[in-house]
Amino acid sequence: MNGSYTSEIMLIDHTEITQFERVYRLNLINSITGIKPANLIGTISAGGTTNLAIFSSVVHLGSDPALLGMILRPVGAIRRDTYENIRETGHYTINHVTPAIIERAHYTSAKFDSELSEFKACGLTEEYLGDFPAPFVAESSIKIGMKFEEEIPIDRNKTSLIIGSIQLISFPDEANENGHLDLERSHAVGISGLNSYYTLQKTAQFPYAKVKEKPEFG
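Rules used in this analysis
- Residues numbered from 1 in each chain as written.
- Predicted model: local features only at pLDDT ≥ 70, side-chain atom pairs only at ≥ 80, totals over all residues.
- Heavy atoms only, no water.
- Helix = DSSP H or I, 4+ residues; strand = E, 2+ residues; numbered from the N terminus.
- Buried < 20%, exposed > 50% of the residue type's maximum accessible area, 1.4 Å probe, protein only.
- Contact = heavy atoms within 4.5 Å.
- Areas by Shrake-Rupley, 256 points an atom, 1.4 Å probe, with all protein chains shown as cover.
- Lys, Arg positive; Asp, Glu negative; His and termini not counted.
- Charge placed at Lys NZ, Arg CZ, Asp CG, Glu CD.
- Salt bridge = Lys/Arg side-chain N within 4 Å of Asp/Glu carboxyl O.
- Phe/Tyr/Trp six-rings, centres within 6.5 Å; stacked < 30°, edge-to-face > 60°.
- Pairing = 2+ DSSP bridges.
- Axes fitted to C-alpha atoms, helices over the stretch in contact; angles between N-to-C directions.

A. Representation of the overall build of the protein in the model. A count of helices and strands for the protein gives five helices and 14 strands. Taking the principal axes of its C-alpha atoms as reference, the protein extends roughly 60 × 50 × 35 Å. Taken over 218 residues, the protein has a buried fraction of 33%. Across the protein, the fraction of contacts at a sequence separation of at least 24, relative to all contacts at a separation of at least 6, is 58%. Split by element, the accessible area of the protein, about 14200 Å² in all, is 53% carbon and sulfur. Each charge sign in the protein was given a centre, from 19 positive and 27 negative side chains, and these centres are 4 Å apart.

B. Fine view of the pattern of salt bridges. Considering all chains together, one arrives at five salt bridges under this definition. K202 serves as the salt-bridge partner of E177, at 3.1 Å between the closest nitrogen and oxygen. With E177 in strand β11 (residues 176–177) and K202 in the segment after β14 (196–199), this residue pair connects regions lying 25 residues apart in the sequence. Accessibility expressed as a relative area gives 26% for E177, which makes it partly exposed. R185 is the salt-bridge partner of D182, the closest N and O atoms lying 3.8 Å from each other. We classify R185 as partly exposed; its relative accessible area is 44%. In the salt-bridge network here, residues are joined through shared partners; they are E177, D182, R185 and K202.

C. Geometry of helix α3 (residues 81–89). Along α3, the residues that are buried comprise D81, T82, Y83, N85 and I86. Each element contacted by the buried residues of α3 is listed here: β2 (39–44), β3 (50–55), β5 (66–72), β6 (91–96), β9 (143–154) and β10 (159–170).

D. How the structure looks around the packing of aromatic side chains. Tallied over the full model, the rule gives two aromatic pairs. Geometrically, the ring pair formed by F132 and F136 is tilted, given 5.6 Å between the ring centres and 50° between the ring planes. The exposure classification of F132 matches that of F136, with both residues buried.

E. Representation of the sheet that holds strand β4 (residues 59–63) within the structure. Read across the open sheet, the seven strands follow the order β3-β2-β6-β9-β10-β5-β4; overall the sheet is antiparallel. The sheet terminates laterally at β3 and β4, the two strands that pair on one side only. Pairs of neighbouring strands in the sheet enclose a mean axial angle of 35°, with direction left out of account. With six bridges joining them, β2 and β3 adopt antiparallel strand pairing. The residue of β3 that forms the bridge with G42 is L52. Set on the sheet, α3 makes contact with β2, β3, β5, β6, β9 and β10; between it and β2 the angle comes to about 50°.

F. Inspection of the sheet that holds strand β1 (residues 36–37) at higher detail. Ordered in space as β1-β13-β14, the three strands form an open sheet in which the pairing is antiparallel. Either end of the sheet is taken by a strand with one partner, and the two such strands are β1 and β14. Sheet topology note: the β1/strand β13 (residues 189–192) ladder contains two bridges and is antiparallel. Each residue of the ladder has a partner; that of K36, found in β13, is I191.

Structural data, given as structure tokens:
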């Protein structure tokens, strides 16, 4: 097949996965799903300290009402500023990463002191839109203001699905095609694994799929 791998195919079962060295397993399982969205989550504490962290777990949950979800680890032995700030203030922002800020965005994942904002530490600019209380990333092309709605604990790995409703959206008009946001024009970036970044290229666009309009495939 055109474009397929010709090297030996690996087949790994559950037992082998559990026995992998930690970093190897981390890299493999984080990249096995393919390209994920690269987003910077902006928050502010009740005391006024801003926080910024890169996430690849943002997912669409519904359009009416407009809901997005993301996976976070609740507070435990390790400080979780993003989680704490969302639960304290009830608001946060989701900001697309672009090629111009990939390196700065990546290093927001470093464990800085809680009193030091990642905006300042990583050379990114806080931006406030309207009266929305959480900070956006000025350098981002697509920005979403979120209100916390619900937390669903996932007992199996001690994480939580954080569900938020979209309150505000900002995006370049040239990237809007009748509601379809062209992620190539907006220079969106994707993540594979924990530290590999990809630019996106629009390959195709099809109409809403209907059985009667399905082409005859060979």
